[in-house]
Amino acid sequence: MDRINEIFDAAITAERAVHDLPETLEYLRDAMVILKHKAKDVKAAVDYAEENRKMRRTHEVSNWLLSVEVLEKKVMEILQKGDREIQQKCLGNRFPKNYRSSYKIGKIASETIGVVTELRHRGDFSIVATRLPRADVDERPMEKTVGLDRMYAEVCRCIQDEEPGIIGLYGMGGTGKTTLMTKVNNEFLCIHDFEVVIWVVVSRPASVGKVQEVISNKLDIPDDRWGNRTEDEKAVEIFKILKAKRFVMLLDDVWERLDLKKVGIPSPNSQNRSKVILTTRSRDVCRDMEAQQILEMERLTQDEAINLFMEKVGKTTLNSHPDIPQLAEIAAKECQGLPLALVTIGRAMAGKNSPQEWEPAIRMLKTYSSKFSASTVAPFASSQWSYDVFLSFRGEDVRFTFAAHLYAALHRRGVNTFFDDYEIRRGESISPTLVKAIEGSRSSIILLSQNYAGSSWCLEELVKILECRKTMGQLVLPIFYNVDPADVRGHKGSFGEALVKLENTLKHDIDKVKNWREALTEVANLAGWNSQNKLTTCICIIPGRSEPTFIKEIAIDVLKRVFGLSAGDAKAIVKENSRIQNKEVVPGPHSTTVHIAGQSGISARGRRPPIENVGEELIDSDSGYDDVESILTKVWTNL
């Protein structure tokens, strides 16, 4: 009897399912419409977050929207089959032709209503998208950019493309390379698809060790995996970390090839989708770095240049006289579209409220722009050199006097000079660092003073320098500082006494002393500068020829002989603000230490001598901008 009842109940249920099929299908249709409306709302919220707030949809939302799409197709199939069943009825349209099929469709439709309802409830999201994970990137300060939009868009395009892996930006100084890369760096704060962004100022010489230290600090490599390791071991450690990341390496101010493998930087490619972006003054460096995309920095258009210059001059000055706007436009055009020149000179002209102040400045600007449009690039045309000048000297004689002044004079004119600032030297052989610096210099200045030959280090430097003269064509320029060239050549006076002492000390290596003797004879026969009868050991101004004047003559000669500039161009570069010149050499109040004034504002590309309290306190912060000619000298020699 129970079995009969079960069969009867099942029949009633089946009859109800078949009879209610139209209502079931309609309910399913309405439920699906409600679910689709909800999906549209969620999709709209996701699109807004992704397009306007630089966010990314959550995985839960992404999977839910996909489930809605799949379920919608299934529901459409059920509704289509159900509608056909309803249309195919018999016995006065009371029963379907295929009772079993109708029952099956009704049952599936009923079950699907539950699935639709459950999926609709799952769509009640409190969060539909999350912020993109920020790259581990440090924001860098920058001013408003002008005229970089096209270049910026091109760099962004290269970053988004799978190729290229290495992007090179090149152009002369002052065109905005670092500013552009700063803009790129800061953009990673907002949107990116990289795990880490690392900024390294490479400068010169390109030091693998220094670059590794910057990367290590950024990656927070523990001391127990870093300290007391060799460069090769550090490279392995960096490589292990970066190969598992999608990274951006921003290399600023690259002067020569930097071996990425020696640093430990994985080669960026379409597989790891990492990027290396570098800035340099030389297209050759881009090629040496194997950049797949090389972009040349463009100068500003005339309109962009004029607008930037006017902005820096300021409305007060422009409105102070009816002729000044036209004069400012002329001055802006003479800056040749270089942002560095436009900004620096524009600021200098702010507050100059009479045409009488503008007209001589424009004449001077025309002279400088015509002279230096091509020649200022000459000192930097060859990227094979780490330094323009290697300065060899005996520290106890001239470190804080003549050598320091000469370094400052060369440095101020844009001559990248190696100045060894370590006073303590041990042993007879010079360090690998000095050997590398000598080999990486296009010229050497040898400052032969009274006690030069008393230092085995100085003599070893001399031998290495003359070796580079023979093998690499290095230019060697000796200075005979209060010594007679004949004493150097003939090994007399203090030079002879020093060599005798060294022979007694190095009886086991007499050939080395012989090499030193030959080197001194050779250098004494080279054309150089002789301070005898031109100056005394006093650093102050004295009657007749003064030490500052002698240093200026050397600076002019270096620019002529090292960079191949004409005498007129060399003198124009050396010509400085007379006020700064008069303050250039200032004795310390209680010691023989010398303060060098007027160095601020020039980017240091070489190593500074150990001058205490470099004299910014001797002049106020704006004094370097009081004279247009001084500013022009600084701008053009820094291009």
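Residues numbered from 1 in each chain as written. Predicted model: local features only at pLDDT ≥ 70, side-chain atom pairs only at ≥ 80, totals over all residues. Heavy atoms only, no water.

1. So, the nonpolar core
Let me state the cut-off plainly: Among the buried residues, those of types Ala, Val, Leu, Ile, Met, Phe, Trp, Tyr and Cys that are joined through side-chain atoms within 4.5 Å form a nonpolar core. In this scheme, a residue with accessible area under 20% of its type's maximum is buried, one over 50% is exposed, and one in between is partly exposed, where area comes from a 1.4 Å probe on protein chains only. Strands here are runs of E lasting at least two residues and helices are runs of H or I lasting at least four, both read from the DSSP assignment and numbered beginning at the N terminus. In what follows, residue pairs with any heavy atoms lying within 4.5 Å of each other are defined as contacts.
Counting 33 residues, the largest nonpolar core has Ile 446, Leu 448, Leu 462, Val 488, Phe 495 and Leu 520 as its most contacted members. At the level of secondary structure, the elements contributing two or more residues to this core comprise helix 18 (432-439), strand 12 (443-448), helix 19 (456-472), strand 13 (475-480), helix 21 (493-505) and helix 22 (510-524). In terms of residue count, the dominant contributor to this core is helix 19 (7 residues). Excluding residues that lie within four positions of it along the chain, Phe 495 makes contacts with Leu 448, Ser 449, Gln 450, Tyr 452, Ala 453, Val 483, Asp 487, Val 488 and Leu 520. In this structure, Val 200, Ile 215, Leu 251 and Ile 265 belong to the second largest nonpolar core, which totals 30 residues.

2. Overview of the packing of helix 11 (residues 302-313) against helix 14 (residues 339-349)
For any two helices packed against each other, one specifies the crossing angle of their axes together with the interaxial distance. Heads up, the rule is: Between N-to-C directions, angles span 0 to 180 degrees; the directions come from axes that are lines fitted to C-alpha atoms, helices contributing only their stretch in contact. By definition, turning the near helix anticlockwise from the far helix through less than a right angle yields a left-handed crossing, and turning it clockwise yields a right-handed one. Under the grouping applied here, Gly and all other residues not named as nonpolar or charged are polar, the nonpolar ones being Ala, Val, Leu, Ile, Met, Phe, Trp, Tyr, Cys and Pro and the charged ones Asp, Glu, Lys and Arg.
Contact geometry of helix 11 with helix 14 gives a least axis separation of 7 Å together with a crossing angle of 30 degrees. Regarding helix 11 and helix 14, the two cross each other, and that crossing is right-handed. Between helix 11 and helix 14, the residues in contact are Ala 305, Leu 308, Phe 309, Lys 312 and Val 313 and Pro 339, Leu 342, Val 343, Ile 345, Gly 346, Arg 347 and Met 349, respectively. Of the residues contributing to the contact of helix 11 with helix 14, the split by class is 9 nonpolar, 1 polar and 2 charged.

3. Details of unusual backbone geometry
Glycine aside, a negative phi is what most residues show, and trans is what most peptide bonds show. One non-glycine residue, Arg 273, lies in positive phi territory at about 55 degrees. Among the secondary structure elements, Arg 273 is positioned in the loop between helix 9 (260-263) and strand 8 (275-280). Overall, the relative accessible area of 36% leaves Arg 273 in the partly exposed class. With a phi angle near 60 degrees, Asn 482 is a residue other than glycine that sits in the positive phi range. With respect to the helices, strands and loops of the structure, Asn 482 is situated in the loop between strand 13 and helix 20 (485-490).

4. Notes on helix 2 (residues 21-52)
Test applied: To estimate how far a helix should reach, multiply one less than its number of residues by 1.5 Å.
With 32 residues, helix 2 extends 46 Å between its outermost C-alpha atoms, agreeing within 8% with the 46 Å of an ideal straight helix rising 1.5 Å per residue. For helix 2, the complete set of buried residues consists of Leu 21, Thr 24, Leu 25, Leu 28, Ala 31, Met 32, Leu 35, Ala 39, Val 42, Val 46 and Ala 49.

5. So, the sheet that holds strand 7 (residues 247-254)
Quick reminder of the rule: Two strands are said to pair when DSSP picks up at least two bridges between them.
Taken in spatial order, the 5 strands line up as 6-7-8-5-9 in an open sheet, and their pairing is parallel. Two strands in the sheet have a free side with no partner beyond their single neighbour: strand 6 (196-203) and strand 9 (293-296). Strand-to-strand, the axes of this sheet are offset by a mean angle of 15 degrees, without reference to chain direction. Alignment of strand 7 against strand 8, held across 5 bridges, turns out to be parallel. Bridge pairing in strand 8 places Leu 250 opposite Ile 277. The sheet contacts of helix 5 (residues 149-160) involve strand 5 (166-170), strand 8 and strand 9, and relative to strand 9 the element is tilted by about 175 degrees.

6. Side note on helix 17 (residues 402-412)
Counting buried positions over the 11 residues of helix 17 gives 11, a clear majority of the element. By the burial criterion, the buried members of helix 17 are Phe 402, Ala 403, Ala 404, His 405, Leu 406, Tyr 407, Ala 408, Ala 409, Leu 410, His 411 and Arg 412. Positive backbone phi, at 85 degrees, marks Gly 414, one or two positions downstream of helix 17.

7. Description of the packing of helix 2 against helix 3 (residues 59-87)
To keep things clear, this is the line we draw: Small angles under 35 degrees read as roughly parallel and large ones over 145 as roughly antiparallel, with 65 to 115 read as roughly perpendicular and the rest as oblique.
Where helix 2 contacts helix 3, the two axes come as close as 10 Å, and the packing angle between them is 155 degrees. Compared by their axis directions, helix 2 and helix 3 come out roughly antiparallel. Relative to helix 3, helix 2 is oriented so that their crossing is left-handed. Of the residues contributing to the contact of helix 2 with helix 3, the split by class is 18 nonpolar, 1 polar and 7 charged.

8. Some details on the side chain of Glu 256
Test applied: Counting rule applied: Lys, Arg positive; Asp, Glu negative; His and chain ends not counted. Put simply, a salt bridge is a Lys or Arg side-chain nitrogen that is within 4 Å of an Asp or Glu carboxyl oxygen. Here a polar contact is taken to be a pair of N or O atoms separated by no more than 3.5 Å, where protein atoms must pair a possible hydrogen donor with a possible acceptor and residues adjacent in sequence count only if both atoms sit in side chains.
With respect to the secondary-structure elements, Glu 256 resides in the loop between strand 7 and helix 9. One buried charged residue, Glu 256, forms no salt bridge at all, with the nearest opposite charge on Lys 436 at 6.7 Å. Within the structure, the side chain of Glu 256 is placed 2.8 Å from the backbone nitrogen of Ala 206, a separation counted as a polar contact.

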